[in-house]
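Residues per chain, in single letters:
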Amino acid sequence: MKMSKKFITPIVSAVMALSLLAGCSGNNTNAPQNSGSTNDGSETVSQRVELGTQPLDFSFYGHYDWYTMPPWGEDASTKWIKENKQVNIKAIHSGGSAAQKLNTMIATNDLPDVIWLERGADVEKLRQAGMLVSYDEYLDKYPNLKKWLGEAGINMLRSEDGKLYQFPNWYTSQPNGNAGYVVNKKIYEELGSPKLETTDDLYEYLKQVKAKYPNVTPYEPHLAKDGQGLDVLYSAFKEDNQKFPSIRAVPSGSELTSIFTDAAFRESMQYTAKLFRERLITQDAMTQTLDQVTEKVMTGNVAVFAAASPTEMAMQAHAELAAKDPDAGYFMIWPIRKEGLDKNKIFPGTYTQLGWNVMVITKKAKNPEAIFAFMDWYTSPEGQSVLMWGPPGLYWDGVEEDGFTPKFTEKYVTEADELAKLQGTTINMNWLGNTVFVDGTKAKYESTLPEEKRNWSTRWQNEITWKTQSDATEFINLDPMPESEEGIIRQRIEDIFLEARAKALFAKSDEEVLSILDQAQKDAESAGYDKLLRFKTEKWQENLSKMAGNS
């Protein structure tokens, strides 16, 4: 995925989960943000690092095989930050081998200043090696994280030693996310705009596409090797599904149980294999690159595109296609469901209150406080406004009476396509996204515009995706340390799962799919799956206890 948040999923009581963090954020989520504010008078402005008074240079490593940071300072937003805040960021890339890259960095003690990565094992590996900077001494001095996330959320991020080393990305106290189905408007209308609500509807529609448009991919699952479009289909077969493939387990009562024996997962894999067998899914799904996916979507050679976050790519593609042909472009549909299931209980994606991933500062950084000051500004309303809507004076100019909500200019509407292109780049550099501010701000403004002038992505977020993502906060941080016994088992289960899913995709019949999953279950049992499930269950229950305010 290009960056996008997220690829996770939910069930707990949303009321309980949201009340935890929302209660702590409370009115703070509407409080003006002033990076120069003092801490009850105990900190003076001179004691703080003020961005723009002197150059700040640091190195940044995005710990993902797929991630390549766009050049810093070449787009309008980061160019403004570079010039006005004197911040210059040097990218270090994984080269497609993130795990090997990080292990080499740790082994040679040749770390970047900042690492952007998933919460969990890798963060703890760095922490236990004494390589990370604690943020605790900076939290009051640079208060945006406390204001927008709150103490409870911060405490959920703390390590076993009680300290905070992680700054979250796209943290929130309200639903968000983009997972779902994007449909090619021109193809859909040329085929008579048929009903597209159930798995049977989708199957019949894809067959029509294949028959009439031989050069178009009927169903594009993004990068099937990481399961995005396949997980979205899994959600169609289970109410309150939280994309449990991501944790390789499924809740049953108070325990986590095997994914391989889950009836909905098995049925979804049979359905997916049928689509693949009949060439309704791209046949290079397991090997294609992100560039190849992008090319197909951008040129309109996809009928249905499903992913964990298809909106960024589809937003750009819609703008380009519609500019050439008013009848072309993309739209989103309510999530597909199996006949008989409640459409309002189908969740193709999830969000967590702690968001997607985190940023850590290593002890290699010469001036960690200055970097944290940058992070604090980056997640502030001004920083987020620059990243989301360009530098001041372009698509926004000045702020409202509340002191932080941007005043949008006419260009927000009249140059919407250019804004979409800018966001297509900056979304991959918004490492500390402030969901409540960004989503609340754009939703409020877009609601004042006529439908045809609304931002493509914001429109579908408001109408569909934010309503169809569920809260998965209870399922964070379930993975054991890699070197532990459970960690070694986890890697075996991961290998078994990925191999089984790939084999099932190529199965020649429904019976063969079940046979592959049955064998995967046996292999998993032999690898110690039960022990791993007990470990994850314990972590899950600990999360539920924390969220209920019991610890």
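Small disclaimer: the values here were computed from a predicted structure and weren't measured. (Residues numbered from 1 in each chain as written. Predicted model: local features only at pLDDT ≥ 70, side-chain atom pairs only at ≥ 80, totals over all residues. Heavy atoms only, no water.)

1. A look at the environment of Leu 51
Selection criterion: By definition, any uninterrupted DSSP run of H or I lasting at least four residues is a helix, any uninterrupted run of E lasting at least two residues is a strand, and each is numbered from the N terminus. Any two residues whose heavy atoms approach within 4.5 Å at even a single point are treated as in contact.
Relative to the elements of secondary structure, Leu 51 occurs in the loop between α1 (14-25) and β1 (56-62). Apart from residues lying up to four places away in sequence, Leu 51 is in contact with Leu 56, Lys 85, Val 87, Ala 370, Ala 373, Phe 374 and Trp 377.

2. Quick word on empty space enclosed by the protein
Counted only if it meets this: Every definition here rests on a 1 Å grid over the protein atoms only: cavities are sets of points where a 1.4 Å probe fits but cannot get out, pockets are open sets enclosed by protein on both sides within 12 Å along at least five of seven lines, and lining residues have some atom within 4 Å of a point. Grid points are joined across faces, edges and corners, and a volume is the space filled by probe spheres set on the points. For this scheme, ten residues count as nonpolar: Ala, Val, Leu, Ile, Met, Phe, Trp, Tyr, Cys and Pro. Four count as charged, namely Asp, Glu, Lys and Arg, and the remainder, Gly too, count as polar.
Using the criterion set out here, one finds 3 cavities of 30 Å³ or more in the structure. In this structure, the largest cavity encloses a volume near 300 Å³. For the largest cavity, the lining is made up of 23 residues, of which Asn 178, Glu 312, Ile 427, Lys 442 and Gln 461 are closest to its centre. Elements with a contribution of two residues or more to the lining of the largest cavity: α12 (311-324), α14 (381-389), α16 (416-426), α17 (435-446) and α18 (456-463). Residues that form the lining of the largest cavity fall into these classes: 8 nonpolar, 11 polar and 4 charged.

3. A word on α12
As a reminder, the rule being used: Working rule for helices: expected span equals 1.5 Å times residues minus one. Remark: exposure states derive from per-residue accessible area (1.4 Å probe, protein chains only) relative to the maximum for the residue type, with buried under 20%, exposed over 50%, and partly exposed in between.
Between the first and last C-alpha of α12 there are 20 Å, a value that for 14 residues agrees with the 20 Å anticipated at 1.5 Å per step. Of all 14 residues in α12, 10 are buried; the element is thus mostly enclosed. Those residues of α12 lying buried are Thr 311, Glu 312, Met 313, Ala 314, Met 315, Gln 316, Ala 317, His 318, Ala 319 and Leu 321. Buried residues belonging to α12 abut β5 (180-184), α11 (290-298), β9 (302-307), β10 (330-333), α16 and α18.

4. A word on the side chain of Lys 442
For Lys 442, the position within the fold is in helix α17. Look past the residues within four positions of Lys 442 in its chain and what remains in contact with it is Trp 389, Tyr 412, Thr 458, Gln 461 and Trp 466.

5. Details of helix α19 (residues 485-505)
Helix length check: α19 (21 residues) gives 31 Å between terminal C-alpha atoms against 30 Å at 1.5 Å per residue, within 8%. All of the buried residues along α19 are Glu 486, Gly 487, Ile 489, Ile 493, Glu 494, Ile 496, Phe 497, Ala 500, Arg 501, Ala 502, Ala 504 and Leu 505. Summarising the contacts, the buried residues of α19 are in contact with α9 (228-234), α10 (263-277), α20 (510-526) and α21 (529-547).

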